[in-house]
Amino acid sequence: MRASIRSRLTDRDDTGIEAIEAAMDNDVGDELLGLIFAACHPILSPEARAALTLRLIGGLTTEEIARAYLSSEPTVAQRIVRAKKTLGRAGLSFEVPRGQERQDRLSSVLEVIYRIFNEGYSATAGQDLIRPALCAEAQRLGRILAGVAPNDSEVFGLLALMELQASRLAARLGPDGSPIPLTAQNRARWDQLLIRRGLAALKRAEALGGAAGPYALQAALAACHARAHRTEETDWRRISALYDILRLVMPSPVVDLNRAVAHSWAFGPEAGLTLLDEIDQATLRHYAPLPAARGDFLFRAGRLPEAKVQFEHAARLSRNGPEKAFLLGRAAACVP
């Protein structure tokens with residue numbers, strides 16, 4: 001990991017790059033976590049903290065970061081350059097802070113680890129649908145962070161979410177590398193050890209009073225799936241209710257999209273279509289999962305010609321090879 005971080009610090013003329021590289025050789029417990037806390041210093045804006053950390057430490061490309069934040073590549077690139085210069089001039093120590101200082105940065109650190117995991121769970125581009133190494137690194141950091149902050153409910157909420165989501169990785173791809181939707185996965189392939197770890201972390205988060213936190217709520221959603229031994233046993237009404245709460249705690253068009261999916265399974269595809277029409281379409285205009293979800297709802301409603309158009313549109317937007325092939329396959333299935 002140290003070598004991979006070092007290779008990404010290519011613009012050595014920027015003030016502070018040598019300091020960042022030198023910090024990699026210091027004993028700060030877990031040096032990677034120390035670097036993340038340094039990059040999440042409040043001297044930077046929240047957007048800059050996330051962009052810099054994901055680029056230098058998470059290894060994500062500017063394109064991947066832009067897609068994760070529904071932003072443009074030039075905007076993200078500018079944030080990264082400015083953030084590196086600002087940190088270099090500040091002369092920060094690269095270690096995990098203590099007390100209030102650590103608490104002040106914790107939410108940014110959690111967000112970065114969450115974004116790293118998400119890119120591993122569902123790659124935005126390339127020929128790999130999943131990047132297990134990124135998921136594993138995010139889980140490792142989450143476990144270390146749980147030891148550093150044993151009384152923070154959202155730390156355990158995020159850890160629970162990652163463990164539960166990662167439990168499904170082995171079942172997400174077919175033999176040819178194509179994606180398998182959650183409702184069609186072989187649940188016997190889900191990792192029961194990770195499920196137990198995730199449920200234990202969620203229980204800890206709830207015991208600490210964090211049941212309504214954004215990560216704990218998402219973990220509770222994942223737990224609904226983990227507890228269902230068969231697809232038919234999934235409690236979609238509870239999942240829908242949790243999404244109704246999550247959209248208030250963590251407003252986001254992506255959360256609204258996932259809420260529409262949940263409602264489509266709980267109350268029928270037409271209910272999902274109604275909720276899709278309420279989402280900010282402009283923000284998600286280049287986001288492939290939006291037309292993909294609409295296509296799925298239309299397909300399940302028996303409106304095949306309309307579904308075909310949506311799947312084809314989603315395939316054009318996708319930059320991930322296996323995902324694109326999967327969407328085109330679904331479009332082909334809409335032809336009688």
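Just so you know, these numbers come straight off a predicted model, no measurement behind them.

1. Focus on the overall build of the chain
A count of helices and strands for the chain gives 17 helices and two strands. Out of the 336 residues in the chain, the part that is buried amounts to 49%. Pairs at least 24 apart in sequence give 63% of the contacts found in the chain among residues at least 6 apart. Total accessible area computed for the chain in this model is approximately 15,200 Å², and 53% of it derives from carbon and sulfur atoms.

2. Quick word on the nonpolar core
Ranked by internal contacts, the top residues of the largest apolar core, which has 59 residues, are Leu52, Ile113, Leu145 and Leu158. Grouped together as the second largest cluster of nonpolar side chains are 19 residues, Leu273, Phe297, Ala315 and Ala331 included.

3. Examining the packing of helix 16 (residues 304–317) against helix 17 (residues 321–332)
To describe two helices that pack against each other, one gives the angle between their axes and the distance between the axes. At their nearest, the axes of helix 16 and helix 17 sit 8 Å apart, and the two run at 165° to each other. When the axis of helix 16 is compared with that of helix 17, the two are roughly antiparallel. Helix 17 is crossed by helix 16, and the crossing has left-handed handedness. Counting all contacts with helix 16, which are made through Lys308, Phe311, Glu312, Ala314, Ala315 and Arg316, the residues of helix 17 involved are Lys324, Leu327, Leu328, Arg330 and Ala331. Across the contact of helix 16 with helix 17, the residue classes break down as six nonpolar, no polar and five charged.

4. A short note on helix 15 (residues 289–300)
For helix 15, built from twelve residues, the straight-helix expectation of 16 Å at 1.5 Å per residue is met to within 8% by its first-to-last C-alpha distance of 16 Å. Considered for burial, the residues of helix 15 that qualify are Leu290, Pro291, Ala292, Ala293, Arg294, Gly295, Asp296, Phe297 and Leu298. Looking at the buried residues of helix 15, the elements they touch are helix 13 (253–267), helix 14 (269–276), helix 16 and helix 17.

5. Details of the packing of aromatic side chains
The tally for this structure, following the rule as stated, stands at three aromatic pairs. Considering the side-chain rings of Tyr114 and Tyr215, the 5.3 Å spacing of their centres and the 65° angle between planes classify their relative orientation as edge-to-face. Here Tyr215 lies in helix 11 (residues 214–227) and Tyr114 lies in helix 7 (residues 99–121), a separation of 101 residues in the sequence. Ring plane angle 20° and centroid distance 6.0 Å describe the contact between Phe117 and Tyr121, whose orientation is recorded as stacked. Residue Phe117 and its partner Tyr121 are located together in helix 7, separated by four residues, close to a single helical turn. Taking NZ or CZ as reference, Arg204 lies 5.6 Å from the ring centre of Phe156, over its face. The ring of Phe299 has Arg330 lying over it, and the distance from NZ or CZ to the ring centre is 5.2 Å.

6. Things to note about the side chain of Gln139
Within the secondary structure layout, Gln139 lies in helix 8 (residues 132–148). A relative accessible area of 7% means that Gln139 is categorised as buried. Those residues in contact with Gln139 that lie beyond four places of it in its chain are Phe117, Leu159, Met162, Glu163, Ala166 and Leu194.

7. Focus on the confidence of the model for the chain
Across the chain, the average pLDDT comes to 84, with 85% of residues at 70 or higher. Counted against residues more than four places away or in other chains, residues 1–29, with its pLDDT under 50, gives 45 contacts.

8. Structural notes on the environment of Leu221
Here Leu221 lies in helix 11. Residue classification places Leu221 among the buried positions, given a relative accessible area of 6%. Separated by 25 residues in the primary sequence, Leu221 and Leu246 place their C-alpha atoms 9.8 Å from one another. Other than its neighbours up to four places away in sequence, Leu221 contacts Ile239, Leu242, Tyr243 and Leu246.

Scoring rules and cut-offs
- Note on numbering: residues in each chain are counted from 1, in written sequence order.
- Given that the model is predicted, a residue must reach a pLDDT of at least 70 before its local features are reported, and side-chain atom pairs must reach 80 or more before they are shown or counted; all residues, however, enter totals for whole chains, interfaces and linings.
- Excluding hydrogens and water, the side-chain figures rest on all heavy atoms present in the structure.
- Each helix is a run of H or I in the DSSP string that is no shorter than four residues. Each strand is a run of E no shorter than two, and both are numbered from the N terminus.
- Throughout this description, buried means an accessible area under 20% of the type-specific maximum (1.4 Å probe, protein chains only), exposed means over 50%, and partly exposed covers the range between.
- We call two residues in contact whenever any of their non-hydrogen atoms come within 4.5 Å of each other.
- Note on areas: Shrake-Rupley, 1.4 Å probe, and residue coverage restricted to the protein chains presented here.
- In this description, a nonpolar core means a group of buried Ala, Val, Leu, Ile, Met, Phe, Trp, Tyr and Cys residues linked to one another through side-chain atoms lying within 4.5 Å.
- For helices, the axis comes from a line fit to the C-alpha atoms of the stretch in contact; other axes are also lines fit to C-alpha atoms, and the angle between any two N-to-C directions lies between 0 and 180 degrees.
- Here the word oblique covers every angle except those under 35 degrees (roughly parallel), over 145 (roughly antiparallel) and from 65 to 115 (roughly perpendicular).
- Left-handed is the label given to a crossing in which the near helix is rotated counterclockwise from the far helix by less than a right angle, and right-handed is the label when the rotation is clockwise.
- Nonpolar residues are Ala, Val, Leu, Ile, Met, Phe, Trp, Tyr, Cys and Pro. Charged residues are Asp, Glu, Lys and Arg, and all others, Gly as well, are polar.
- Multiply 1.5 Å by the residue count of a helix minus one, and that product is the helix's expected span.
- Only Phe, Tyr and Trp rings take part, Trp by its six-membered ring, and two of them pair if their centres are within 6.5 Å. Stacked means planes under 30 degrees apart, edge-to-face means over 60, and tilted covers everything else.
- Note on criteria: charge over ring means Lys NZ or Arg CZ within 6 Å of the ring centre, with the direction from the centre no more than 35 degrees off the ring normal.
- As a per-residue measure, pLDDT tells how confident the predictor is, with possible values from 0 to 100.

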